[in-house]
Amino acid sequence: MARKTIVLELPLHQYRHLIRLIFAGYWVLEREENEQGVDPVAEETVNTVLKQAFDAGMKKEVWYEADLQQYFCSAELEDEVLDDVDQFVIDEFWKELRERLSERDLIQKLGRASVDQMSDHERIAALGMIEDYYTREFETHGVDRLHVQSVAPLGAEA
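Criteria and cut-off values
Residues numbered from 1 in each chain as written. Predicted model: local features only at pLDDT ≥ 70, side-chain atom pairs only at ≥ 80, totals over all residues. Heavy atoms only, no water. Helix = DSSP H or I, 4+ residues; strand = E, 2+ residues; numbered from the N terminus. Expected span 1.5 Å × (residues − 1). Buried < 20%, exposed > 50% of the residue type's maximum accessible area, 1.4 Å probe, protein only. Core = buried A, V, L, I, M, F, W, Y, C linked by side-chain atoms within 4.5 Å. Pairing = 2+ DSSP bridges. Contact = heavy atoms within 4.5 Å. Phe/Tyr/Trp six-rings, centres within 6.5 Å; stacked < 30°, edge-to-face > 60°.

### Considerations on helix H5 (residues 120-141)
Between the first and last C-alpha of H5 there are 31 Å, a value that for 22 residues agrees with the 32 Å anticipated at 1.5 Å per step. One or two residues past the end of H5 sits Gly142, with phi positive at roughly 60°.

Take a look at the structure:
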């Protein structure tokens, strides 16, 4: 059976963006090797895309390690992508914290049964008001005024 392939033609600026997208996805998915190691198909895919970029003259974005027979993103491109990933992680932390605290507060204030009986529109509106409060709080004070009621001593388990 013949192997099916796809030929993709992109201007270099779009190919550079494709490399950024692939590297970001690869970094997120493969950041910690599992027991089986890095996914060989993912590694081969990244290497193929980077090879095409290298062969097309994108030497500023990609370099080749002959001993490993592998292509790599330049440090500059890697830094750009990892800065974006870092910002995403920070944004997601604050978003998740706001959402969890808002859900907790709504249930504490109204009770689980009342919250469960709310329409989606009512629940979203109520959560939105609480989330707005936490957004302003965290933008102004960060976590300085966020406290857990009982603080565990150093070295103690929760």
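### Overview of unusual backbone geometry
One non-glycine residue, Gln69, lies in the positive phi region at around 55°. Structurally, Gln69 is set in the loop between strand E1 (62-65) and strand E2 (70-73). Residue classification places Gln69 among the exposed positions, given a relative accessible area of 60%.

### Structural notes on the nonpolar core
Residues Tyr15, Ile19, Leu50, Ala53, Val62 and Cys73 are the most contacted members of the largest nonpolar core, which totals 16 residues. Listing elements by their share of this core, those giving two or more residues are helix H1 (12-30), helix H2 (40-55), E2 and helix H3 (75-110). Counting 11 residues, the second-largest nonpolar core is a separate cluster that includes Leu101, Ile107, Leu127 and Tyr134.

### Comments concerning the pairing of E2
Residues of E2 alternate between two faces, with Tyr71 and Cys73 buried on one and Gln70 and Phe72 left unburied on the opposite face. Note that E1 and E2 share 4 bridges and pair antiparallel. Paired with Tyr64 across the bridge in E2 is Tyr71.

### What to know about the side chain of Glu61
Within the fold, Glu61 resides in the loop between H2 and E1. In this structure Glu61 comes out as buried when scored by relative accessible area, which is 14%. The contacts of Glu61, once residues within four sequence positions are left out, are Arg16, Phe72, Cys73, Ser74 and Leu77.

### A closer look at the packing of aromatic side chains
By the definition in use, this model includes 8 aromatic pairs. Ring geometry for Tyr64 against Tyr71: centres 4.4 Å apart, planes inclined by 40°, an arrangement best described as tilted. With a relative accessible area of 12%, Tyr71 lands in the buried category. A network of ring pairs unites the aromatic residues Phe93, Trp94, Tyr133, Tyr134 and Phe138 as a single cluster.

Everything listed is a geometric property; what it means functionally is a separate question.
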